[in-house]
Amino acid sequence: MKNNAVRQRLRAFNPLASVAAGNPWDSRLIDLAAINQAPFEGVKALFRQAAQAPGEPLAALILGEVGNGKSHLVARWRLACQSGRKAGGFALLTPPEGGTAPFCYLLREIADGLRQPMGQNSGLSTWHHLAAWLLVVEGQGKKERSILDDMRQGRKRGVRWWKGVQDAVSFDRLPPEARSLAKVLVRWLPGSASERREALTWLRGEARILNHLPRRLDRSLYTVEQREEEARALLLALGALFAHVGRPLLVCFDRMEELRTPAQHAAMDQIVTFLVDRMAATVPVVLARGQFWEELRQARWNAQTVGRLESNRHELNGCARAEAELLVRLRLEAVLGSRGMEALFFDPAVLLERLPAGRNTPRVVLTLANARLRELLDLPVTVPETPRQRLDTVWEGMVRQLPERLREEPLRPERIAQVLRLYLFGEQTSGEQEDSGWIELPATGSQPAWLWMVESQFHPKAMIHRLEAGLEWMQHHPGGVVTYVRDGRFVIPRLPKWPETNRVVQRFQEQGGRMLHLTPERALRWYLLGELHDAVRCGEITWMDGLNREQPVGIATLIEFLRSHFSGETEG
Amino acid sequence: MSELAGLIEARLRNKQKLFVSRTEFFKLLGSGLCRTLGVTPKDSVVRLGAALQSHCGDRVRVVQGGRAFYVTLNVPDDAYLRDKAQRLTSPFTPAQLVLNLPLSKVRAASALTRILASGELICIGVRSDFIPLLSWQGQTEPKSVEEDAQAFQRAFNEIGQGRNFVAIHRLRAHLGWERDRFDRILRELQAEERILLNMGDPTRLSRVELENGFVDRNGMRYLTLNWLGFGR
């Protein structure tokens, strides 16, 4: 490869421009194994230990500030845990937005994590693999690969065998609470598209109408407390299944700095304690910023759980000079290939001539190397962008992914409330209320009082409760405006199904209440805005100022952006 | 006279004190020296003062500070403030500095003024009630890098209280060093791989706290640091 070709290749795709890990489910990562190797191996060892001793309470704590590679570690664990002979499950969670129903939240998030494709080549979710492992362990006569091939084709292959499995398999060796879960996995998950959708919806704890699953699994009559109890039971069952097939489940918690209220802390404490002490074959890993960890401890988390986390504590310590040089080389080689590297017109070490002596975070390494590379490529000095321009660019990238994400994006009702609250109030009151789906604006001057109710639980009893609270509010606020917001993908069944719910909806609308059903695309935009908010809050979105310094985009900029993109969204 | 004075001076210096209260003085002396001095704990301040004058001259005296009486070595007023400033944790207020010293308000104010003018004591900020915050700078002779590194680590441990991630602005305030001196020791410790500088989360800090982070020669701003090899 000639000199000019190398320049053109690097100008077209600068391998040093991006420092963030991005989406850990995206396997297109350029990473260096030597960085943060100790914490990586430490958690991998716990993962193996959980497979051998599923009853042992295991947990890990990873502390590191922004730019130290936490998200990269998560992506590496995901790849490592989902490949090889003893691959297992992986889920990545962020803290709950509110403090209510923590186990429903935990079940939903883990279920969504297990929906992701397993490994790089499978094309099937971890749920499918779990079903295959179960059938292999139950000795149903087929190997894992053959079972997975059948499932890819919706059980159209090996029809007689599948019929035999459905009739014969009873899972007597499993604990009773795990048998329902096992049957859903084995009988409906591998089925037709509608059976699969229904099974996945049921697995995440929702109460949609059941067309394929047995009536006894119908949750539409459960109270919130009953659903919470069932979620706990399903999680225990899930752990039992993983233990039964000899595979572990890694559950990572990132963005812990989003914990702000006592209710969120209490919910998070419950969740982590449950995973450590009760759920078999499961390893929770908490990733937190170093300074923030002390705040978590002071929030009086369960002392035993904190002890378990601290017993496998790892601090991210950046990279030494040699590692920094390797990282830069690796990134260049990913773009240029080995022949391109031979034709490179500069020594990669030159890119780090301004790197301070000693250890540096990967972010600093890549930022400095990128600045130097731009000089060597004679690229114009970066026109200083404004934080708002940066946000616009990031948003455009997110919106371009809309079609792809529309297909698989699970319902995330808390995001809707999060974004609405941010739009109305700014950052000050986000997350402070117990019920994040109840958003009130008092009357001012000629403006009436407003109430937005964002539905967070796709369950008839929860809907009735919410709508009746809205009706009561209307009585106390004559002239006030109530809007009930929900993701339109959650369809309220028509009469004669859910009769009580339909009656309350009708009464609500007759009294002047507004129903705002977000189309899937519109709902997804709200979800993406919520993701953008999280990224800004965590300091992950940065812009380059006129002195080529990386600065984080602030919340004030996000709110300005939100108000320009969001106005009109709250209308019907 | 000189022997008793020397004994009293030695006992005070062993306790690393320039002065003690009346009660502490009698405990410090013990019954034997009290008999030599010819005083008892029940004697009046005037009697004690006369006895000290008689046996120690001006080397040890009784002085009133506020409402209390103290037995003190004969040192300049500035010495009391210097001694106390080095014991206090920065930053501190002028009131905290002069509290319980064997000085009248007027003399304390004069001494404080002199020390501020000398640069040994500096004002590093103002509280929200506009009370100035002071920090001891010490002698102006340059410390060695290793001395500074040790002082830095002590400050890190004091602020961290067992934690390994500390905000740089807090260290800067605690040490009260000139900017160049503080920044130099950060660079040295980083070069020796004793610390890792982190960019931190700027969204949680005030403007002043952000400015009191560390900006390196490339313009990169760091807000926290952790000690490498901590706890191992």
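Rules of the game
Residues numbered from 1 in each chain as written. Chains lettered and ligands numbered in written order. Predicted model: local features only at pLDDT ≥ 70, side-chain atom pairs only at ≥ 80, totals over all residues. Heavy atoms only, no water. Helix = DSSP H or I, 4+ residues; strand = E, 2+ residues; numbered from the N terminus. Rg over C-alpha atoms; globule rule 2.2 N^0.38 Å. Buried < 20%, exposed > 50% of the residue type's maximum accessible area, 1.4 Å probe, protein only. Contact = heavy atoms within 4.5 Å. Areas by Shrake-Rupley, 256 points an atom, 1.4 Å probe, with all protein chains shown as cover. Domains from an automatic or database assignment. Buried area = accessible area lost by both parts, 1.4 Å probe. Salt bridge = Lys/Arg side-chain N within 4 Å of Asp/Glu carboxyl O. Polar contact = N/O pair within 3.5 Å; in protein donor to acceptor, adjacent residues only side chain to side chain. Nonpolar A, V, L, I, M, F, W, Y, C, P; charged D, E, K, R; others polar. Arc of directions from axis to C-beta. Core = buried A, V, L, I, M, F, W, Y, C linked by side-chain atoms within 4.5 Å. Axes fitted to C-alpha atoms, helices over the stretch in contact; angles between N-to-C directions. Parallel < 35°, antiparallel > 145°, perpendicular 65-115°, else oblique. Pairing = 2+ DSSP bridges. pLDDT = per-residue confidence, 0-100.

Engineer: Help me understand the overall build of chain B in this model?
Structural biologist: On a plain count of helices and strands, chain B comes out with 10 helices and 10 strands. For chain B, the C-alpha radius of gyration of 23 Å lies well beyond 17 Å, the compact-globule estimate for 232 residues. Within chain B, the proportion of its 232 residues that are buried is 45%. Contacts in chain B between residues far apart in sequence, at least 24 positions, make up 56% of those at least 6 positions apart. Counting every atom, chain B has about 12200 Å² of accessible surface; 51% of that belongs to carbon and sulfur.

Engineer: I tried to follow unusual backbone geometry on my own but got confused; where do I start?
Structural biologist: Across residues other than glycine, the phi torsion is negative in most instances, and most of the peptide bonds are trans. At the junction of Leu495(A) and Pro496(A), the peptide bond is cis and its omega measures out at 10 degrees in the coordinates. Relative to the helices and strands, Pro496(A) resides in the loop between strand E8 (481-487) and helix H20 (499-510). Cis geometry is adopted by the peptide bond preceding Pro91(B), which originates at Ser90(B) and carries an omega value of -10 degrees. With respect to the secondary-structure elements, Pro91(B) resides in the loop between helix H4 (77-87) and helix H5 (94-98). With phi around 55 degrees, Asn36(A) is a residue other than glycine that occupies positive phi space. Mapping Asn36(A) onto the fold places it in the loop between helix H1 (3-12) and helix H2 (37-52). With a relative accessible area of 9%, Asn36(A) lands in the buried category. Of note, the phi angle at Asn100(B) is positive, near 60 degrees, even though the residue is not glycine. Following the sequence through the fold, Asn100(B) ends up in the loop between H5 and helix H6 (105-118). Taking relative accessible area as the criterion, Asn100(B) reaches 52% and is therefore assigned exposed.

Engineer: Would you mind showing me how to read the domain arrangement of chain A here?
Structural biologist: Interface size is commonly expressed as the accessible surface area that is lost when the partners come together. Residue and element names in this part refer to chain A. For chain A, the assigned domains read domain 1 (3-20 + 318-376), domain 2 (37-315) and domain 3 (405-566). Spacing between the C-alpha centres of domain 2 and domain 3 amounts to 28 Å. Taken together, the 30 residues of domain 2 in the interface contact 29 residues of domain 3. Across the domain 2/domain 3 interface, buried area totals approximately 2500 Å², and carbon plus sulfur atoms make up 45% of it. Inspection of the domain 2/domain 3 interface yields 0 salt bridges. Inspection of the region where domain 2 meets domain 3 yields 0 residue pairs in polar contact (both at pLDDT 80 or more). Elements with a minimum of two residues in the side of domain 2 that touches domain 3: helix H4 (102-115), helix H10 (224-244) and helix H11 (262-277). Among the elements that take part in the side of domain 2 that touches domain 3, H4 stands out by supplying 5 residues, more than any other. Looking at side-chain class alone, the side of domain 2 that touches domain 3 contains 8 nonpolar, 7 polar and 15 charged residues.

Engineer: Just to check I follow, could you spell out the interface of chain B and chain A for this structure?
Structural biologist: Listed by partner, the interface residues are 28 residues for chain B and 35 residues for chain A. Between chain B and chain A the total buried area reaches about 2500 Å² when both faces are included, carbon and sulfur atoms providing 56% of it. Counting the contacts that link chain B with chain A gives 1 salt bridge. In this structure, Glu193(B) and Arg359(A) form a salt bridge, with 3.8 Å as the shortest nitrogen-oxygen distance. Our enumeration of links across chain B and chain A arrives at 6 residue pairs in polar contact (both at pLDDT 80 or more).

Engineer: Help me understand helix H6 (residues 144-152) of chain A, please; the structure alone is not making it clear to me.
Structural biologist: An α-helix turns once every 3.6 residues. As a result, residues three or four positions apart point the same way. All names here are of chain A. For H6, the complete set of buried residues consists of Ile147, Leu148, Asp150 and Met151. Down the axis, H6 shows its buried residues gathered within 155 degrees of arc, on one side only. Buried-residue contacts for H6 involve helix H5 (126-137) and helix H7 (159-168). Once H6 ends, the next one or two residues include Gly154, with phi positive near 65 degrees.

Engineer: Can you walk me through the nonpolar core in this structure?
Structural biologist: The nonpolar side chains of soluble globular proteins are, as a tendency, buried together. In terms of nonpolar packing, the biggest core is built from 79 residues, with Leu106(A), Ile110(A), Trp127(A), Leu238(A), Phe253(A), Met256(A) and Trp301(A) touching the most fellow members. Those residues in contact with Met256(A) that lie beyond four places of it in its chain are Pro95(A), Met268(A), Val286(A), Leu287(A), Ala288(A), Phe292(A), Leu296(A) and Trp301(A).

Engineer: Please clarify how the pattern of salt bridges should be interpreted in this entry.
Structural biologist: When the charged atoms of two side chains lie near each other, side chains of opposite charge can form a pair. Counted by the stated rule, this structure contains 34 salt bridges over all chains. Taking the shortest distance from any N to any O, the salt bridge between Asp347(A) and Arg329(A) comes out at 3.5 Å. Of this pair, Asp347(A) sits in the loop between helix H14 (321-342) and helix H15 (362-376) while Arg329(A) sits in helix H14; the two residues are 18 residues apart in sequence, bridging distant segments of the chain. Between Arg172(B) and Asp183(B) there is a salt bridge; the shortest N-O distance is 2.8 Å. Placement of Arg172(B) in helix H8 (residues 168-175) and of Asp183(B) in helix H9 (residues 179-191) is noted, with a sequence separation of 11 residues between them. This pair shows no difference in class: Arg172(B) is buried, exactly as Asp183(B) is. Within the structure, one salt-bridge network assembled from shared partners comprises Glu353(A), Arg354(A), Arg372(A) and Glu375(A).

Engineer: Any chance you could explain the domain arrangement of chain B here in plain terms?
Structural biologist: Residue and element names in this part refer to chain B. Here chain B is described as being made up of domain 1 (2-73), domain 2 (77-136) and domain 3 (145-227). Relative placement of domain 2 and domain 3: their C-alpha centres are 25 Å apart. With 7 residues of domain 2 at the contact, the number on the domain 3 side is 5 residues. Of all residues in domain 2, Thr89, Ser90 and Ile124 bury the most surface against domain 3, accounting for 61% of the area lost on that side. At the boundary of domain 2 and domain 3, one finds 0 salt bridges. Counting the contacts that link domain 2 with domain 3 gives 0 residue pairs in polar contact (both at pLDDT 80 or more). Mapped by element, the contributors of at least two residues to the side of domain 2 that touches domain 3 are strand E4 (121-126) and strand E5 (132-136).

Engineer: Please clarify how the packing of helix H8 (residues 176-188) of chain A against H10(A) should be interpreted in this entry.
Structural biologist: Each packed pair of helices is defined by two parameters, the angle between the axes and the distance between the axes. All names here are of chain A. Closest axis-to-axis distance for the H8/H10 pair is 8 Å, and the angle between their directions is 75 degrees. Overall, the two elements H8 and H10 adopt an arrangement that is roughly perpendicular. Contact with H8, carried on its side by Glu177, Ala178, Leu181, Ala182 and Leu185, involves Leu234, Ala237, Leu238, Ala240 and Leu241 of H10 and no other residues of that element. Within the contact of H8 with H10, the residues separate by chemical class into 9 nonpolar, no polar and 1 charged.

Engineer: For this particular structure, what's the right way to read the environment of Val272(A)?
Structural biologist: Residues and elements named next belong to chain A. Mapping Val272 onto the fold places it in helix H11. Taking the relative accessible area as the measure of exposure, Val272 reaches 0% and is therefore buried. Expressed as a C-alpha distance, the spacing of Val272 and Val399, which sit 127 residues apart in the sequence, is 34 Å. Setting aside its immediate chain neighbours within four residues, Val272 contacts Phe253, Val286, Trp301, Thr305 and Leu309.

Engineer: I'm lost on the sheet that holds strand E5 (residues 313-315) of chain A in this one. Help?
Structural biologist: Think of a sheet as strands paired side by side through backbone hydrogen bonds, with each pair either parallel or antiparallel. Residue and element names in this part refer to chain A. Spatial ordering of the open sheet is given by E2-E3-E4-E1-E5, a layout of 5 strands whose pairing is parallel. Pairing within the sheet leaves two strands with one partner each, and these edge strands are strand E2 (89-93) and E5. Going across the sheet, the axis of each strand differs from the next one's by a mean of 15 degrees, ignoring polarity.

Engineer: Hey, could you run me through the confidence of the model for chain B in this one?
Structural biologist: Caution is warranted with low-pLDDT regions, since their predicted coordinates should not be read in detail. All names here are of chain B. Residues of chain B with pLDDT of at least 70 account for 96%, and the chain-wide mean is 86. Within chain B, strand E7 (residues 195-198) carries the highest mean pLDDT (94), whereas helix H1 (residues 2-14) carries the lowest (79). Here the complex is predicted with pTM 0.74, and the ipTM for its interfaces comes to 0.77.

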